[in-house]
Amino acid sequence: MSNTTQTIQIAIDGPAGAGKSSVAKVLSKRLGCIYLDTGAMYRAVTWAAMEQNIDFDDAEAMQRLLDTLELEFRDEDGVQHLYCNGTDVTEAIRTPEISANVSAVSMIPAVRESMTAQQRRIAEGHDVLMDGRDIGTTVLPDAQYKFFLTASLKERARRRGLELEQKGQVVDYAQLERDIALRDEKDSKREVSPLKMAEDAELIDTSDLSFDEVVDLLYHKIIK
Ligand code: DC
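What counts, and at which threshold
- Residues numbered from 1 in each chain as written.
- Predicted model: local features only at pLDDT ≥ 70, side-chain atom pairs only at ≥ 80, totals over all residues.
- Heavy atoms only, no water.
- Near = heavy atom within 4 Å.
- Polar contact = N/O pair within 3.5 Å; in protein donor to acceptor, adjacent residues only side chain to side chain.
- Areas by Shrake-Rupley, 256 points an atom, 1.4 Å probe, with all protein chains shown as cover.
- Pairing = 2+ DSSP bridges.
- Helix = DSSP H or I, 4+ residues; strand = E, 2+ residues; numbered from the N terminus.
- Axes fitted to C-alpha atoms, helices over the stretch in contact; angles between N-to-C directions.
- Contact = heavy atoms within 4.5 Å.
- Phe/Tyr/Trp six-rings, centres within 6.5 Å; stacked < 30°, edge-to-face > 60°.
- Lys NZ or Arg CZ within 6 Å of the ring centre and 35° of its normal.
- Expected span 1.5 Å × (residues − 1).
- Buried < 20%, exposed > 50% of the residue type's maximum accessible area, 1.4 Å probe, protein only.

### Concerning the site of the ligand
- Residues in contact with the ligand amount to 16 residues; listed here are only the nearest, Arg43, Arg112, Asp134, Arg183 and Asp187.
- For the ligand, a nitrogen atom lies 3.0 Å from a polar atom in the side chain of Thr38.
- Here an oxygen atom of the ligand and a side-chain polar atom of Asp187 are 2.7 Å apart.
- Protein chains shield 98% of the accessible area of the ligand, which is 440 Å² for the free molecule.

Here you go:
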């Protein structure tokens with residue numbers, strides 16, 4: 001796939017909890033481009049499979065699920081919601097159960113194929129900012145701007161924990177660190193489109209940067 005039109009494509013990849021989605025949301029508004037949270041799409045597939053009690057190893061059942069799956073992002077009062085087969089799953093896809101199962105679902109080649117095709121379709125003809133694990137390597141290999149956001153494991157667990165606490169969840173930080181490390185390992189080791197920095201991406205370590213500093217840094221790398 002090549003970006004033959006004159007649209008701007010921005011890819012932000014990186015491990016869990018690096019702040020990609022929070023940064024991407026604010027940055028895309030500032031740049032005036034579409035924001036696509038690809039992790040949310042993998043989470044929604046996981047949610048749908050669990051709702052329907054589908055065994056992830058049952059390739060036929062997973063294919064049937066994908067064939068009938070309708071994912072739709074809707075802007076509601078400035079907040080992006082994700083609908084899966086007509087149900088608002090914005091909150092339901094953020095539970096620890098979904099986080100624990102999403103790597104297993106996202107390693108299934110048919111799932112990746114379907115999500116990648118949808119992501120490219122959404123991007124077509126628009127200025128777009130996507131965040132995920134394989135945007136710079138696979139989904140938008142011709143993106144003009146590619147960033148790989150990371151931070152120390154401790155810092156990523158701290159940020160993710162704060163987010164969960166704000167939603168009223170009780171957080172065991174040591175356990176959260178283990179969960180994040182395990183998810184990164186699974187996401188990095190899968191065969192199809194693993195979590196990997198594109199050769200032409202810029203590595204940004206955000207461990208010692210505030211949220212606003214990261215947004216500003218990326219903004220000024222794009223708008224010079
Ligand atoms: O960004 P997130 O934590 O919401 O992503 C959830 C999971 O989805 C992540 O552990 C791996 C998978 N994912 C993926 O495989 N490819 C992407 N482009 C985005 C997410």
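### Describing the sheet that holds strand S2 (residues 34-37)
- In spatial order, the strands read S2-S6-S1-S7-S8; together these five strands make up an open sheet with parallel pairing. Of all strands in the sheet, those with a lone pairing partner are S2 and strand S8 (202-205), marking the two edges. Taking the axes of each pair of neighbouring strands and ignoring which way they run, one obtains an average angle of 20° across the sheet.
- Here strand S7 (residues 145-150) pairs with S8 via four bridges, running parallel. When the sheet's bridge partners are listed, Phe147 is paired in S8 with Glu202.
- Of the strands in this sheet, S2 and strand S6 (128-132) are in contact with helix H2 (residues 38-51), which crosses S2 at around 40°.
- Sheet contacts for helix H9 (residues 211-222): strand S1 (9-13), S7 and S8; angle to S7, the most-contacted strand, approximately 160°.

### Describing the packing of aromatic side chains
- All told, the structure shown has zero aromatic pairs when counted by the stated rule.
- For Arg30, the ring lying beneath its charged end belongs to Tyr219, and the centroid distance is 4.1 Å.
- Geometry around Tyr83 places Arg74 over its ring, the cationic atom sitting 3.7 Å from the centre.

### Notes on H2
- For H2, with 14 residues, the first-to-last C-alpha span of 20 Å sits near the 20 Å given by 1.5 Å per residue.
- With 11 of 14 residues buried, H2 lies mostly within the body of the structure.
- Those residues of H2 that sit buried are Thr38, Ala40, Met41, Tyr42, Arg43, Ala44, Val45, Thr46, Trp47, Ala48 and Ala49.
- Its side-chain oxygen 3.2 Å from the backbone nitrogen of Gly39, Asp37 forms the N-cap of H2.
- At the exit of H2 stands Asn53, carrying a positive phi of roughly 50°.

### Some points on the sheet that holds strand S4 (residues 79-84)
- Strand order in the open sheet formed by three strands is S3-S4-S5, and the pairing between neighbours is antiparallel. The open sheet has two edge strands, strand S3 (71-76) and strand S5 (87-88), and neither has a second partner.
- Where S3 meets S4, six bridges bridge the pair, whose relative direction is antiparallel. Along S4, the bridge assignment pairs Asp75 with Gln80.
- Where H2 meets the sheet, it contacts S3, S4 and S5, and its direction lies at approximately 35° from that of S4.

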